[in-house]
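# Chain and residue survey
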Amino acid sequence: MDRQAVMQEQDLAPPVALPMLSPEARRRQLKEKLIAWTITAVAFTGIAALVLILVFVAKEALSLVTDTAAREEASFSKMFLPQLVRKGKPLAYVWQPVSGVPKVSMIPLFIGTLKTTAVSMLVAVPLGIFGALFAAEFAPRRLREVLKPTIELLAGIPSVVLGFFALMVMASFLQETFGFTSRLNAVVAGLGLALAIVPVIFTVTEDALTAVPRSYREASLALGATPWETAWKVVLPAAAPGILAACVLGFGRAIGETMIVLMASGNAAITSANLGDSVRSLSATIAAEMGEVVVGSPHYALLFFIGVELFLFTFVLNMLAGIWTKKVIQRLKGGAG
């Protein structure tokens, strides 16, 4: 009975009045909501812009599938299979979209893109990673304060300046040194690309290395490891996800770079494994031919299709890198890899 009486008294008791917010607190709350809405709108605007760009590029390339004339001139078999160029000659891969009989093989463009990107990554990845390792683990404080900003300033150099330097200086020097038949080739373009992506790899890798907890280093040194062993066997594996992200960003910059490759590669769509031959990349093809192409023609749609291919390359690469990064993080945490 006592319990029922208490419950009745609680029901009959007047409700407790909530404290009223002051005008200043209301303004602060409204300001925070406005900031949150603004940030959300900006984020969705960026996502929407990206989606619209992809939709536009895909729509312009769609005529290769829907248009009969475009399918006859640039079918998938003509893009990816060897074709008859001249009677009595073997089948070959040729990129010559403007001719009496257009030849639209993508294979020379793929090979040129991969050759220049491979050369740039072979040079930039070791330089960027080991440079970041030196700056983060071994460089004196004063040297680090000068070294890092200096390398980061290289990222601000316009790509056309790097391309001009590769065209006028590096091309002649490399030809005299290695005796290349073609003055402008995959090696020259790849080294020019390396100058552009080393700052990206260095900066992201250095941030990943400095983010490794200091306790890792102290524990390794306490167990008798040398500073080099600690940096190589402890710090580098712990920073592996960030280093992979740096390499992915560098690869994306290299495969999508236009001006350096356009100026320093020779722009010859040659199907060859020789790095000393001139090459033509996917991005440089778009830049070189888009200004003179007839809008709505099969050639026009083909250039947009190249843009779709570049997007697919980077998308698949980022997806694979994300999967590998998750496995590395699980392994470092001791989970099932």
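Residues numbered from 1 in each chain as written. Predicted model: local features only at pLDDT ≥ 70, side-chain atom pairs only at ≥ 80, totals over all residues. Heavy atoms only, no water.

## Remarks on the overall build of the chain
Worth spelling out the cut-off: Counting from the N terminus, the helices are the DSSP runs of H or I reaching at least four residues and the strands are the DSSP runs of E reaching at least two. Restricting the calculation to C-alpha atoms gives the radius of gyration, and the globule rule supplies 2.2 Å times the number of residues raised to the power 0.38. Three exposure classes are used, based on accessible area relative to the maximum for each residue type with a 1.4 Å probe and protein chains only: buried under 20%, partly exposed in between, and exposed over 50%. By the convention used here, residues are in contact when the closest approach between their heavy atoms is within 4.5 Å. Shrake-Rupley sampling with a 1.4 Å probe provides the accessible areas, and residues are treated as covered by the protein chains on show and by no other component. Only four residue types enter the charge count: Lys and Arg as positive, Asp and Glu as negative, with His and the chain ends excluded. For this purpose, a charge sits on NZ of Lys, CZ of Arg, CG of Asp or CD of Glu.
When helices and strands are counted, the chain shows 15 helices and two strands. In summary, the chain has a C-alpha radius of gyration of 29 Å against a globular reference of 20 Å for 337 residues, an excess of more than 25%. Considering only C-alpha atoms, the chain reaches an extent of 110 × 65 × 45 Å along its principal axes. Taken over 337 residues, the chain has a buried fraction of 35%. A separation threshold of at least 6 residues defines the contact pool for the chain, and within that pool the share at least 24 residues apart is 70%. For the chain, the exposed area adds up to about 20,100 Å²; of that, 69% sits on carbon and sulfur atoms. Measuring between centres, the 28 positive side-chain charges of the chain sit 4 Å from its 22 negative side-chain charges.

## Re the pattern of salt bridges
What counts is decided by this rule: A pair is scored as a salt bridge if a Lys or Arg side-chain nitrogen falls within 4 Å of a carboxyl oxygen belonging to Asp or Glu.
For the structure shown, the criterion picks out nine salt bridges. One salt bridge in this structure joins Glu289 and Arg280, with 3.0 Å as the shortest N-O distance. By relative accessible area, which is 12% here, Glu289 ends up buried. Ionic contacts of the salt-bridge type, sharing partners, join the residues Lys148, Glu206 and Asp207 into one network.

## Some details on unusual backbone geometry
With a phi angle near 55 degrees, Asn267 is a residue other than glycine that sits in the positive phi range. Looking at the element boundaries, Asn267 is found in the loop between helix H13 (259-264) and helix H14 (282-289). With a relative accessible area of 25%, Asn267 lands in the partly exposed category.

## Description of the side chain of Asn185
Convention followed: Polar contact criterion, stated in full: a pair of N or O atoms within 3.5 Å, where within protein one must be able to donate a hydrogen and the other to accept it, and residues adjacent in sequence count only if both atoms are side-chain atoms.
With respect to the secondary-structure elements, Asn185 resides in the loop between helix H8 (159-178) and helix H9 (186-210). Separated by 3.1 Å, the side chain of Asn185 and the backbone nitrogen of Val187 make a polar contact. Here Val188 takes part through its backbone nitrogen, which lies 3.1 Å from a polar atom of the side chain of Asn185. Other than its neighbours up to four places away in sequence, Asn185 contacts Phe180, Ala264, Ser265, Leu275, Gly276, Asp277 and Ser278.

## Re helix H11 (residues 227-238)
Cut-off, in case you're wondering: Think of the arc as the fan of directions from the helix axis to the C-beta atoms.
Among the residues of H11, Thr230, Ala231, Val235 and Leu236 are the ones counted as buried. Along H11, the residues classed as buried sweep out an arc of 145 degrees about the axis, all on the same side. Elements that come into contact with the buried residues of H11 comprise helix H6 (107-138), H9, helix H10 (214-222) and helix H12 (240-256).

## Some words on the environment of Val234
Position of Val234 relative to the elements: it lies in helix H11. On the basis of relative accessibility, which here comes to 24%, the residue Val234 falls in the partly exposed class. Distance from Val234 to Leu312, taken between C-alpha atoms, is 35 Å for residues 78 residues apart in sequence. Contacts of Val234, omitting those with residues within four sequence positions, involve Tyr216, Ser220 and Glu229.

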